[in-house]
Every structure is written in C-alpha cells, then in structure tokens.
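# Notes for the structure review
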Amino acid sequence: MSDPVLLASDVTIEYPAHSVSPAYTAVRGVSLRIEPGEIVGLVGSSGSGKSTFARVAAAQASSGPRESTARIVGGGLSVLGYDLRKGVRGRKLNRLTFGVGYLPQDSSSALTSNMTIAESVAEPLFSRDKRFSEKDASLRVATLLDALLLANGTAMKLPHELSSGQRQRVAIARALILDPVFLVADEPTAGVDVSVRGPVIDVIAKLQRERGATALIVSHDLDVLRRSVDRIVVLHEGVVVGLGTIDEVLGDPRHPYVAGLAKAYGKRA
Ligand SMILES: Nc1ncnc2c1ncn2[C@@H]1O[C@H](COP(=O)(O)OP(=O)(O)OP(=O)(O)O)[C@@H](O)[C@H]1O
C-alpha cells in the first residue's frame, strides 16, 4: 500500500490561552487517512473545527499571530510524510508547502488590487521560478480560468471589476496553478453563484484526479460535494461523527448531527 497523503492519528488541536481566554480545544481525537488520489470532503456545522483542521493540515498553522495559532497537543498528524506535530522548518517546510496548495476561506479578498487576474494567477509560478516562460504561464492561466467557467477576457481585468464569486474562482485558479499534490480548499464555493457551485467543485476534483493528486475540500454544504468527493468526514464540536462515502455516512447515522444531515439531505436528494 502506498504512503498516505494525510495521516491523522487521534489528533487534538488547541488554541492556546491568552489574556482572559482559556485554551480552547477545537479538534479532538481525530483519526483519518487520506490516500493518494482521493478527494475527501470535510463537512460540519459552523464552529465544528473544519477550518482549524484544514489550516493545520495545510501546514499554515504558524502563519498568524501566536495567540491565534492552533497547535497540535495530542496524537499525530503527518502530511506528505512530514510530521506536523514535531514541526517542519526551513527547506523541509518549503518542500512541504510546495506540495500543498491551500485556499483559505477569505482568499477572494486577498487578491492584489492593482494586479490583473492573469498576473495574480500566474504569480506563484514566477515566485517559484523567475525565469518561467511567459508564454507557458499565459497558457496555463487561460486553461485554468476556462476550466473554472470564467469568461474570455477575465484575465485582463482587475479584481474590483469582478463579482465576489468570480474572484473566488480566480483564487481557486491561483491555488491550483502550481499543480499541488495535495489541495486543501476551505469553503471554495463561498460567495459563488449557486448554479455553478457544484460545477466548480467538479472542476477542482477533476483537475486533481487527472494528475493523481489529492484534495481535502471543506464545505458546510453537502450538496455541492455530492458529485465530486470519494468520501466525507463529518466533524461535530471537533470530533469525527461520520466517515465514509456520502451514502455510507448518511445511510447509517451514528450521531444525531449526522441523522439531522441525513434528514435534510434526504429531502433535497
Ligand atoms: N484564534 C482562535 N482562538 C481561539 N478559538 C478559536 C480561534 N479560531 C477559532 N476558534 C474556535 O475554534 C472552533 C472551531 O473554529 P473553526 O473556524 O475551525 O470552525 P469551522 O467549522 O471552520 O467554522 P465555520 O464553518 O464557521 O468556518 C470555534 O469554536 C472557534 O470559536
């Protein structure tokens, strides 16, 4: 059996205490194994720990101020063979973050205001390799924008000329441009028009699958994941309450939260 892309063993993740706030355990005892090529959905209600787990799994935990940095305090978590509990630094961290694409929740608002969409999407290519061919970059940008159902001409626009849903799709293109081995996308369809939410997730899954790459897609909306994911993980108050294919999880709800999900989902299916 090949090495897993992500291996969580009874992992517990905590925000440290600061000033008047005590430490807060956002994820507790999560065990999960994601194989190469799998597309996994991470589902759960608001505050269930999805973003915390996603941020830590994408090795982004240390990018904010210390008091808001979630830490692994129990169990183990490794991604692409790197032990995140032990900590990854220097060149190893570079290698890890090259392999992991991360789309944070508010990524559409993080586009640089005076860069064209083409420049923003291509930027990671040139940050990695200053001599990357302009022609190849343009081609890759155009292909991705097209795959994400963005009209011709989007490439030459500035972020403020797009709707928030279009900007979100641009952010997805930017997260995919380096062909990440493992994409962690936090609510990638937030703000995206309802009619294209499913298709946008389909594109992410298809692009990753075509390369044998892996994805963890966070969403509170099971409907948008339905067609694209191999399995889902359901978090509730930081604990895994469901794991398997959508049919397996909803067909055998072992937790009231999943039973509620199955009921709501059953009505819409
Ligand atoms: N910096 C922080 N310090 C302390 N607690 C935090 C911090 N960030 C998040 N939390 C808490 O951790 C829990 C999980 O938050 P998280 O953002 O991971 O949930 P989520 O499932 O992604 O929610 P949403 O769907 O609303 O984005 C919440 O109770 C939240 O209040």
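Residues numbered from 1 in each chain as written. Predicted model: local features only at pLDDT ≥ 70, side-chain atom pairs only at ≥ 80, totals over all residues.

### Regarding the site of the ligand
Tyr15, Ser46, Ser51, Thr52 and Ser68 are the nearest of the 13 residues found near the ligand. Elements represented by at least two residues in the shell around the ligand include exactly strand E2 (24-34) and helix H1 (50-57). Of the residues belonging to the shell around the ligand, the class tally is three nonpolar, nine polar and one charged. (Near = placed C-beta within 6 Å. Helix = DSSP H or I, 4+ residues; strand = E, 2+ residues; numbered from the N terminus. Nonpolar A, V, L, I, M, F, W, Y, C, P; charged D, E, K, R; others polar.)

### Overview of the sheet that holds strand E6 (residues 100-103)
The mixed open sheet is built from six strands, whose spatial order is E6-E7-E8-E3-E9-E10. Pairing within the sheet leaves two strands with one partner each, and these edge strands are E6 and strand E10 (239-244). Pairs of neighbouring strands in the sheet enclose a mean axial angle of 15 degrees, with direction left out of account. Pairing of strand E9 (residues 231-236) with E10 involves five bridges; the strand directions are antiparallel. Residue His236 lies in a different strand from E10, and its bridge partner there is Val239. (Pairing = 2+ DSSP bridges. Axes fitted to C-alpha atoms, helices over the stretch in contact; angles between N-to-C directions.)

### Quick look at unusual backbone geometry
For Ser19, which is not a glycine, the phi torsion comes out positive at approximately 35 degrees. Considering the arrangement of structural elements, one finds Ser19 in the loop between strand E1 (6-15) and E2. Phi at Leu149 is positive, roughly 60 degrees, even though this residue is not glycine. Mapped onto the elements, Leu149 comes out in the loop between helix H4 (134-147) and helix H5 (164-176). Residue class for Leu149 comes out partly exposed when judged on the 14 C-beta atoms lying within 10 Å of it. (Buried ≥ 20, exposed ≤ 12 C-beta atoms within 10 Å, placed from the backbone.)

### Here's the deal with the packing of helix H3 (residues 117-128) against H5
Between H3 and H5, whose axes approach to 7 Å, the crossing angle comes to 30 degrees. In terms of orientation, H3 lies roughly parallel with respect to H5. For the element pair H3 and H5, the recorded crossing hand is right-handed. Mapping the contact onto sequence places Ile117, Ser120, Val121 and Pro124 in H3 and Val170, Ala173 and Arg174 in H5. (Parallel < 35°, antiparallel > 145°, perpendicular 65-115°, else oblique. Left-handed = near helix turned anticlockwise from the far one by under 90°. Contact = placed C-beta atoms within 7 Å.)

### Focus: the sheet that holds strand E5 (residues 82-83)
An order of E2-E1-E4-E5 is seen for the four strands of this open sheet, with the pairing classed as antiparallel. A strand with exactly one partner marks an edge of an open sheet, and here the two such strands are E2 and E5. Across two bridges, strand E4 (residues 71-79) lies against E5 in antiparallel orientation. Looking at E5, one finds that Val79 is bridged to Tyr82.

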